[in-house]
Each structure stands twice: as structure tokens, then as C-alpha cells.
Amino acid sequence: MSTTPVILSDFAEGVATITLNRPEARNALNSELLAAMPQALIAADGDERVRAIVLTGADPAFCAGLDLKELGSTGANLGAGEWPAGGAGAGAGAERTTRAPWPVITKPVIGAINGPAVTGGLEVALQCDFLVASERARFADTHARVGVVPGWGLTVLLPQAIGLRRAKEMSLTGNFVDAAEAHALGLVGHVVPHHELLPTAVRLARDIASNDPDGVAALLASYKETALTTAAEGLLIERRVSETWRGDHFDPAEVERRRAGVLARARSQTS
């Protein structure tokens, strides 16, 4: 395990800023980061001083998705992230669980997308309540190219964000979408120069923090509940398909065989 923290957390003026900090691996999600990320978000959610959360990555990427080295060796990072559907505070006997990179967070999470957000990294971005993108941001779903099936809600959340047909195009081709196109599609709310990304995201977070906290919490809870009235069954279907596929088809050696080609293609589309 690295001595460098894989998550950085900062707090100022009602806003917690959480940074994925594996820049040498483009913030790829290994088991250590997958454990630390929800812990940081849960801690911020439980901090009475925090009114809003900004999630970003250490340059040059937001998140390259699951760490393919670990995925292609043990596959230990594939099954992470099962939470009670009611969130981190739900009772142990909760009937439904959902797969996600973190449990339900009651405070707004703004994704500050500083670079490529790919596959599992795209799913992390989609879990945020809304997104601000640097001009350097790129988005792609390469699950089909890697040879894995999404299990964090992508087939529900991406169509909600950009429409079903464009979502299917992104997933089935594995092609990258740049920041300007992501904005046109409605995936991100703002595209700003790279040096203005965090100031813009923090400014929006402080706008939230200046509001009545109970009102913000109620609004956010209402948005999440109404979204799930149409998406809940889809999330359960995706979870079933993903778990069945993992049991019947996942082969770390096949992931390792594909890894170099996936990375080369990503470099060609994001450079």
C-alpha cells in the first residue's frame, strides 16, 4: 500500500473538497481508493460544518476507471461498492441494496471534472448531483472494450443525463466525448478554462452552502426519490445482469490481454 494518501480532503467556508489522489495511475480505482473514497464522502456528509461537497481528481485525469492492473490480476476491485439502498445509515436488515461507488449522501456532491472520466470514472461522475468540467475533460464508457459490464448504475444514470440513444452510442462504441459535446448533451452544466475549474465548482458549492440547509436537504432528497421512481427497477436489473456476468464470464486474463489496446485507444482520443 502506498504511503501517499489516495484521498485528499480539505474544508473551507462550508465546502468540503475531496480529491482522488493517484495521479500516476490517472486516479484509477484500486481497492485502496475504492475503500477510501466512500469513507471520505461519509465523513464529509456527517460533518455539521459541511454544506456541500466538491469531488475532483489530481491532474491529469478525473478518474480512469477501475485499475486495470488489479482487474487483470486478481479482479479484487470489481466487486466493490454494495450499500443499503437507504444509504450508509440504513439498518443492517435493509431489504434492498444498490451497487455504487458510495452510499447515498445527503449533501450535494458537485463533480469537478478536471480531465478524462472513463468507464468506472464516468460512473463516479454520474453519481455526483451535477458536474462542472474543465476544457480538458473527456468522457467515455469503455466497459465493452475492456470486457466488463457496468454495475454502478451507468445504464440508468447515463440515459437520464444525455438520453437513451446517445447513451447507447457511447457505451456500444466506447468513443470519447469532449467537454464541449458533453455540455451540449447535458452531461455537464458548465465548461470552464482548466485553471477556473475548482474556483467555479467551489463557488457553486458556496452558493448552496448559503441556503437553508434543511431546505437543501429536503430538495435533494426529493430529487433522488423521484428519480428512483423510474430508475429503481433499472438499477436492480443492472445489478442482476452485472452479478450474473461476473459469475459466468469475468476472466482477469482476458482483461489483461485487452489492457494495452484500451489504454492506447484512450490516449489517441484524449491527447
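Residue indices begin from 1 for each chain and proceed along its sequence in written order. Where local features are concerned, this predicted model is filtered to residues with pLDDT of at least 70; where side-chain atom pairs are given and counted, the filter is 80 or more; whole-chain, interface and lining totals use all residues. The basis for every side-chain value is the complete set of heavy atoms in the structure, and neither hydrogens nor water enter the calculation.

Draft legend 1. Representation of the sheet that holds strand β2 (residues 15-20) within the structure. Two strands are said to pair when DSSP picks up at least two bridges between them. Strands here are runs of E lasting at least two residues and helices are runs of H or I lasting at least four, both read from the DSSP assignment and numbered beginning at the N terminus. Spatially, the 6 strands line up as an open sheet ordered β1-β2-β3-β6-β8-β11, and their pairing is mixed. In this open sheet, the two edge strands, each paired with only one partner strand, are β1 (7-12) and β11 (190-192). The mean inter-strand angle of the sheet, taken between neighbouring strand axes irrespective of direction, is 20°. Where strand β3 (residues 52-57) meets strand β6 (residues 109-113), 4 bridges bridge the pair, whose relative direction is parallel. Residue pairing for β6: T56 is matched across the bridge by A112. The contact criterion used throughout is that any non-hydrogen atoms of two residues lie within 4.5 Å. As a rule, the C-alpha atoms of each element are fitted with a line to give its axis, helices using only the stretch in contact, and angles between N-to-C directions run from 0 to 180 degrees. Docked against the sheet, helix α1 (residues 31-46) engages β1, β2, β3 and β6, running at close to 180° with respect to β2.

Draft legend 2. A look at the environment of R51. Along the polypeptide, R51 turns up in the loop between α1 and β3. Any residue under 20% of the maximum accessible area for its type is buried, any over 50% is exposed, and the rest in between are partly exposed; the area is computed with a 1.4 Å probe on protein chains only. Accessibility expressed as a relative area gives 32% for R51, which makes it partly exposed. Separated by 29 residues in sequence, R51 and R22 place their C-alpha atoms 26 Å apart.

Draft legend 3. Summary view of the layout of surface pockets. Residues are called lining when one of their atoms sits within 4 Å of a cavity or pocket point, these points coming from a 1 Å grid over the protein atoms alone, where a cavity is a set in which a 1.4 Å probe fits but cannot get out and a pocket is an open set with protein on both sides within 12 Å along at least five of seven lines. Grid points are joined across faces, edges and corners, and a volume is the space filled by probe spheres set on the points. Space inside the second largest pocket adds up to approximately 710 Å³. Looking at the second largest pocket, it is lined by 36 residues, and the ones nearest its centre are A28, A64, G65, L66 and L68. Of all elements in the fold, only α2 (68-71), β7 (116-118), α3 (120-127), α4 (143-146), α9 (213-248) and α10 (252-270) reach the threshold of two or more residues within the lining of the second largest pocket. The dominant element in the lining of the second largest pocket, judged by the number of residues it contributes, is α10, at 6 residues. Its residues placed into classes, the lining of the second largest pocket shows 18 nonpolar, 8 polar and 10 charged. Gly is put with the polar residues, along with every residue not named as nonpolar or charged; the nonpolar set is Ala, Val, Leu, Ile, Met, Phe, Trp, Tyr, Cys and Pro, and the charged set is Asp, Glu, Lys and Arg.

Draft legend 4. Fine view of the pairing of β1. Note: β1 against β2, 6 bridges, orientation antiparallel. For S9, the partnering residue across the bridge sits in β2 and is I18. Count of turn residues in the β1/β2 antiparallel hairpin: 2 residues, of which E13 carries a positive phi of about 50°.

Draft legend 5. Representation of the packing of aromatic side chains within the structure. Only rings of Phe, Tyr and Trp enter the pairing, Trp through its six-membered ring, and a pair is recorded when the two centres are within 6.5 Å. The plane angle decides the type: under 30 degrees is stacked, over 60 is edge-to-face, the rest tilted. Summed over the entire model, instances satisfying the criterion amount to 1 aromatic pair. With a centroid separation of 6.0 Å and an interplanar angle of 50°, the aromatic rings of W245 and F250 are classed as tilted.

Draft legend 6. Main features of unusual backbone geometry. A cis amide bond links D59 to the next residue, P60, at an omega of 20°. In this fold, P60 is placed in the loop between β3 and α2. Even without glycine at this site, T119 takes up a positive phi of about 55°. Tracing the chain through its elements places T119 in the loop between β7 and α3. The exposure class assigned to T119 is buried, which follows from its relative accessible area of 8%.

Draft legend 7. Molecular detail of the sheet that holds strand β9 (residues 138-140). Reading across from one edge, β7-β9-β10 is the order of the 3 strands in this open sheet, with mixed pairing throughout. Looking at strand neighbours, the two that pair on one side only are β7 and β10 (177-178), the edges of this open sheet. As defined by bridge partners, β9 adjoins β10 across 2 bridges and the pair is classed as antiparallel. Note on β10: the bridge partner recorded for R138 is D178.

From the geometry alone we can't say anything about function, so treat these as descriptive.
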